[in-house]
Amino acid sequence: MNSPGSHAVRLDRVSVYYGDVAALSDISLDLPSAEILALLGPSGCGKTTLLRSVAGFVPHRGEVYIGSRPMARVPSHRRNIGMVFQDYALFPHMTVAQNIGFGLRMRGLERAAILAQVAEALALVGLEGLQERMARQLSGGQQQRVALARALVIKPTVLLLDEPLSALDRKLREEMRSEIKRIQRHTGVTTIFVTHDQDEALALADRLALMHGGALLQLGTPEEVYRRPATPFVAEFLGAANAREAVCRELRGEFALLELPGVGMIRAARRAVALAPQQRVSVFIRPERIAVVPRATADPHALPATVAARTYLGRHLEFTLRLEDATTWIANVADEVVASSLGVGTPVFLKVEPDNVIVFAGADQRCEPGSAAIP
Amino acid sequence: MQRALPTERNATPLLLLLPGLLTIAVFFAAVVTTGATSLLDAQGGWSLQQYARFLSDGFYRDFVWRSFRIAGYCTPITLLLGYPFAYTMSRSSPPVRLTLTLVLVVQFFTSYIVRTYALILVLGNNGIINRPLLFLGVIGRPIPLLFHEAGVAIALILVPLPFMIFPIYSVLKNIEPNLAVAAASLGANRTRTFWEVTFPLSLPGVLAGIVLVFLFDLTAYIMPGMLGGGYFNMIANFIQEQAMAVLDKRFASAISIVLLLVTLLILYVIHVLGSRLRGASG
Amino acid sequence: MRAVGWFARSVTALVVICMLVPLIVVVGASLGGGNEIAFPPNGLSLRWYANVFERQRFLTAFQFSLLLACAATSLSLVIGLLCSVALVRYRFVGRDAVANLLNSPLMVPQVVLGMALLILFSQAAIVSSLIGLGALHLILAVPYTVRVLSAALVRLPVSLEEAAVIHGANRLAAFAMITMPNMKPGLVAATMFAFVTSFDNFTASQFLVWDRTTLPVEIYAYAMIESDPTVCAISTMLIIATVAIVVLAERWVGLETVTG
């Protein structure tokens, strides 16, 4: 295991080309030891290719370093990596014990040592006593745990997880999520996992890499990526967002006054974005960050709207609000008391904290990776 | 779940394929040499004399016609016998299916010679077909099945049955059972369901079976040889005679190449038909 | 609604009778005491079985057929494995063409194949039946092994091999310890196809029996000349062996791989 603080995995300009098509272009990142990195993005964004490049299954340009060692000449079976595959890939003709002990066997351990460590690993994933069961007789959740045990028992330098939870049903998925996190914290193994499920990424990751079209759009903590998305694509992919074009009218101290044509005016925190009057911008506001209040006194920085629909989703109510220009926004209201006073047709004001207004310079910024972004 | 494979650029697949390709190379060399031999005339020069000899003489054409004729009427009968068998196999309970499978597979793996010889015993004048019929007075004289077309035909119908049954069974068992249920729920009775849903879907298997059996019958050697007793030779017997008895390898080569080309032609036609079928059924 | 109508069931019964009766007749006649073939047999005796073992020709031919079949089977299995890995786990230009090429011997009538090899080997001055028949049987077996093993390999997810590799096995070890054991039904089926194709082969083989003969050739020759139940005895032994192998295969791996 590496000393804390050192970089367990480093990628230096890794690219993968299939003919002329770039599955990965110029990916560079550093992952400190003992952290969990989530690779998140839509299908085809290259996240699995990236994972497999670290594993050594995909030829690539650029360098991969594991524990400061360059992996260029190191074949996959010598990289000391543990991996859990999307279909678990348990060896069907072997027992649970034989599956888990496989890596230890390859490393030449003695039978007694293997048996002991297998038992330990089974205890770690909560499946004591299942040594002699045949791998193919296990349920999905059990297979997943065995796959995890198999990957961890060899004390790998890096643990790779390829969409580990996608084959499980919702309840099991949430259970396994916390399991995986607990096990990772316990063992301290550096982990990279691939997922297309945002909740999973946000819940499990210490660091999140958002990818699209083979490129790395943003790397940061889940909070950073969620609250300060680097590009409009990131803003729209992670979580929901109401998008609109606006024009910057005035700069007032730490705020910028933005006019949403036909809708109203709001204030946005300026932060590091270079904004100037008359500049066209794109605005993204998350549904859960909108406060919906009955229209009482006039408020220059609130947007007038009417309640068009309400949907009860258990955890919160989802309001569809019709703005002055007849388009709609979505807002989530968790407080039932507030929500109960907002029947369909009620005139309301939508208020947003300036800090929660996500702004990108330039108009028509939807879904363009690589556009001008907040650093 | 298979991942899409990138196109390989190094030589690994080629190395892996080498022994297999070498084996095929020997095979091709043999065919080519035969082709070359067929182009030699009696004096040793290059010509199409052997082909002309074969294709012009009525006597030889009779062989060809006879072989096509018998293959032509035996194959449909094999289909008639084989399809219900395959259907039953695909729709039966596991114990019945297992029994049928065992019988079928044992047939398939039993040597042609053994099976043909067994038919000799059955079809002969003293065989279990003639003896009871004679005994019961149904017929006055034994039915001449051996040494006649009838005996050979029976053999050509029965021996290749596995080749008809396997492809049809394979397709039938993969047909979605829900389709029949859907048809029934829409009001179709069993017969209509069969003819309008099941049978059309099984056509690829039927086609494969027909081709295999037809070619088997056309190029058969053992059955006409053992059951025809020299009185009912087919193309394959003729080729062997020319090569080994008459020792006219050049002539035999020419006939072989003709037979090969006919076989390839039939396979090609079926292949095209099969693609059309697949295209049409979608 | 019964699953299978009366027509299908009667035809099936008829076919089963047509398949089994001849074999039963052969087995019955082999136990006959008389000098001619008779069914039902006149008296029961094993003398014709004894006759088989007394005939040196049969024994020598059997040994040679066995030798050829073992050689052809093992070689064609190896070749089949190598080719199936290339065809299934790699993608390259001309992959479909190669698959068809490897299948091509099956498109040629047996009599043509036998004669073609006779001509080729005459030109190459090869006079050993071992080599000639070995080549023939290999050419006949490879298409089967490639097809069956490819079908078995295709069903195996690549992730299994990758899991083995990432946890410490090199590619060869992964193939031996993970891939091959999971191809068992395919391997058994391929072995059966290859062995039977070689052992039972007659039509093409008869062109290449020079210094040594095979069992089918001997049986055929004997059957054309003599009319005593010796051939029945040999046939019965072969039938029993076939049934045993098929039943064993069914017990061990099931017959789905064979029936397709």
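In the block above lies the structure referred to throughout.
Residues numbered from 1 in each chain as written. Chains lettered and ligands numbered in written order. Predicted model: local features only at pLDDT ≥ 70, side-chain atom pairs only at ≥ 80, totals over all residues. Heavy atoms only, no water.

What to know about the overall build of chain B
A tally of regular secondary structure across chain B gives 13 helices and zero strands. What you see in chain B, going N to C, is helices and strands ordered as α-α-α-α-α-α-α-α-α-α-α-α-α. Oriented by its inertia axes, the alpha-carbon framework of chain B measures out at about 75 × 75 × 30 Å. Buried residues in chain B amount to 48% of all 282 residues. Taking all contacts inside chain B whose residues are at least 6 apart in sequence as the whole, residues at least 24 apart take part in 68%. (Helix = DSSP H or I, 4+ residues; strand = E, 2+ residues; numbered from the N terminus. Buried < 20%, exposed > 50% of the residue type's maximum accessible area, 1.4 Å probe, protein only. Contact = heavy atoms within 4.5 Å.)

Concerning the pairing of strand 11 (residues 242-252) of chain A
Residues and elements named next belong to chain A. Relative to strand 14 (residues 280-285), strand 11 runs antiparallel, the two being bridged by six bridges. Directly across from E245, in strand 14, lies its bridge partner S282. Where strand 11 and strand 12 (residues 255-260) come together, five bridges link them in antiparallel fashion. Paired with R252 across the strands is F255, a residue of strand 12. (Pairing = 2+ DSSP bridges.)

Details of unusual backbone geometry
Leave glycine aside and you will find that most residues have negative phi; peptide bonds, for their part, are mostly trans. Residue and element names in this part refer to chain A. Backbone geometry places A89, a non-glycine residue, at a positive phi of 50°. Tracing the chain through its elements places A89 in the loop between strand 6 (81-84) and helix 2 (96-106). Classification of A89 by relative accessible area gives buried; the value is 3%. Residue Q278 is not a glycine yet carries a positive backbone phi of 75°. Topologically, Q278 is positioned in the loop between strand 13 (264-269) and strand 14.

As for the side chain of A:S76
Residue position: A:S76 is located in the loop between strand 5 (69-70) and strand 6. Given a relative accessible area of 9%, A:S76 falls into the buried group. There is a polar contact of 3.0 Å between the side chain of A:S76 and the backbone oxygen of A:A55. The residues contacting A:S76, other than those within four sequence positions of it, are A:A55, A:G56, A:F57, C:V165 and C:I166. (Polar contact = N/O pair within 3.5 Å; in protein donor to acceptor, adjacent residues only side chain to side chain.)

A closer look at the interface of chain C and chain B
Taken together, the contact pairs 89 residues of chain C with 80 residues of chain B. For the chain C and chain B pair, buried surface summed over both sides reaches about 7,600 Å², with 79% attributable to carbon and sulfur atoms. Of all residues in chain C, C:M19, C:R91 and C:T259 bury the most surface against chain B, accounting for 9% of the area lost on that side. At the boundary of chain C and chain B, one finds zero salt bridges. Viewed at the interface, chain B and chain C are joined by seven residue pairs in polar contact (both at pLDDT 80 or more). Here the element with the most residues in the side of chain C that touches chain B is helix 1 (residues 6-30) of chain C; it accounts for 17 residues. (Buried area = accessible area lost by both parts, 1.4 Å probe. Salt bridge = Lys/Arg side-chain N within 4 Å of Asp/Glu carboxyl O.)

A short note on the sheet that holds strand 13 of chain A
Residue and element names in this part refer to chain A. Spatial strand order, 13-12-11-14-20: five strands in an open sheet with antiparallel pairing. The sheet is open, and its two edges are formed by strand 13 and strand 20 (357-361), each paired on a single side. Strand-to-strand twist across the sheet, computed as the mean angle between neighbouring axes with direction ignored, equals 40°. Relative to strand 13, strand 12 runs antiparallel, the two being bridged by six bridges. Looking at strand 13, one finds that E259 is bridged to M265. (Axes fitted to C-alpha atoms, helices over the stretch in contact; angles between N-to-C directions.)

In short, shape yes, function no, at least from these values alone.
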